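In case you want the letters, here they are:
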Amino acid sequence: MSNAVPVLEGLFSWPNKKPALQVTHCRQCLVVAFPRVEYCPSCASSDVEFRQLESIGKLRNFTSVLMRPPEYKGEVPYGVGIVEFPEGICILGLLTVSDLGSLRPGMNMEVVVETVYKEDGNDIVSYKFHPSQEAGHA
Ligand SMILES: [Zn+2]
């Protein structure tokens, strides 16, 4: 039986029924940053708070990666995309689908956690963007 291990601590809330990306929100200039940081990357203020992105985002750009990058341990091909969240941040991430024919810019996308690769008998998991069933929400 294998354990599930996050690829990096602090990227997403997990385990969780509904995983959410963990971001920094700047109280001074309202910039949202991902991954979380102690200081605002825009105005350098330390007056920041940690929040979770629990909303549905919209798919902006996406592509399929056919050749495995040197540092990537998962299967190819895989999809990557940029999802824009209503909190005012665009986040790059893996997609759950590698066949891009079913994807359209502007689609609603939700955050899920899935295995990316296996290592030492563990499932290494990360956040991915998945076409949302909650279509129709603005
Ligand atoms: Zn700021």
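A quick note: this is a predicted structure, and the numbers were derived from the prediction, not measured. (Residues numbered from 1 in each chain as written. Predicted model: local features only at pLDDT ≥ 70, side-chain atom pairs only at ≥ 80, totals over all residues. Heavy atoms only, no water.)

A. Structural context of the overall build of the protein chain. Scanning the protein chain for helices and strands turns up zero helices and nine strands. Ordered by position in the sequence, the α and β elements of the protein chain form the string β-β-β-β-β-β-β-β-β. In summary, the protein chain has a C-alpha radius of gyration of 16 Å against a globular reference of 14 Å for 138 residues, a match within 12%. Taken along its principal axes, the extent of the C-alpha atoms in the protein chain is 40 × 35 × 30 Å. Taken across its 138 residues, the protein chain has 39% of its residues classed as buried. Of the roughly 8200 Å² of accessible surface on the protein chain, a fraction of 52% belongs to carbon and sulfur atoms. If you average the places of the 12 positive and of the 16 negative side-chain charges in the protein chain, the two averages end up 4 Å apart. (Helix = DSSP H or I, 4+ residues; strand = E, 2+ residues; numbered from the N terminus. Rg over C-alpha atoms; globule rule 2.2 N^0.38 Å. Buried < 20%, exposed > 50% of the residue type's maximum accessible area, 1.4 Å probe, protein only. Areas by Shrake-Rupley, 256 points an atom, 1.4 Å probe, with all protein chains shown as cover. Lys, Arg positive; Asp, Glu negative; His and termini not counted. Charge placed at Lys NZ, Arg CZ, Asp CG, Glu CD.)

B. Spotlight on the side chain of Ser55. Mapped onto the elements of the fold, Ser55 is located in the loop between strand 4 (48-53) and strand 5 (57-65). Judged by relative accessible area, Ser55 falls into the buried class, the value being 19%.

C. Region of the structure containing the confidence of the model for the protein chain. Residues of the protein chain with pLDDT of at least 70 account for 96%, and the chain-wide mean is 91. Confidence, expressed as mean pLDDT per element, reaches its minimum in the protein chain at strand 1 (residues 4-6) with 92 and its maximum at strand 2 (residues 21-26) with 97. (pLDDT = per-residue confidence, 0-100.)

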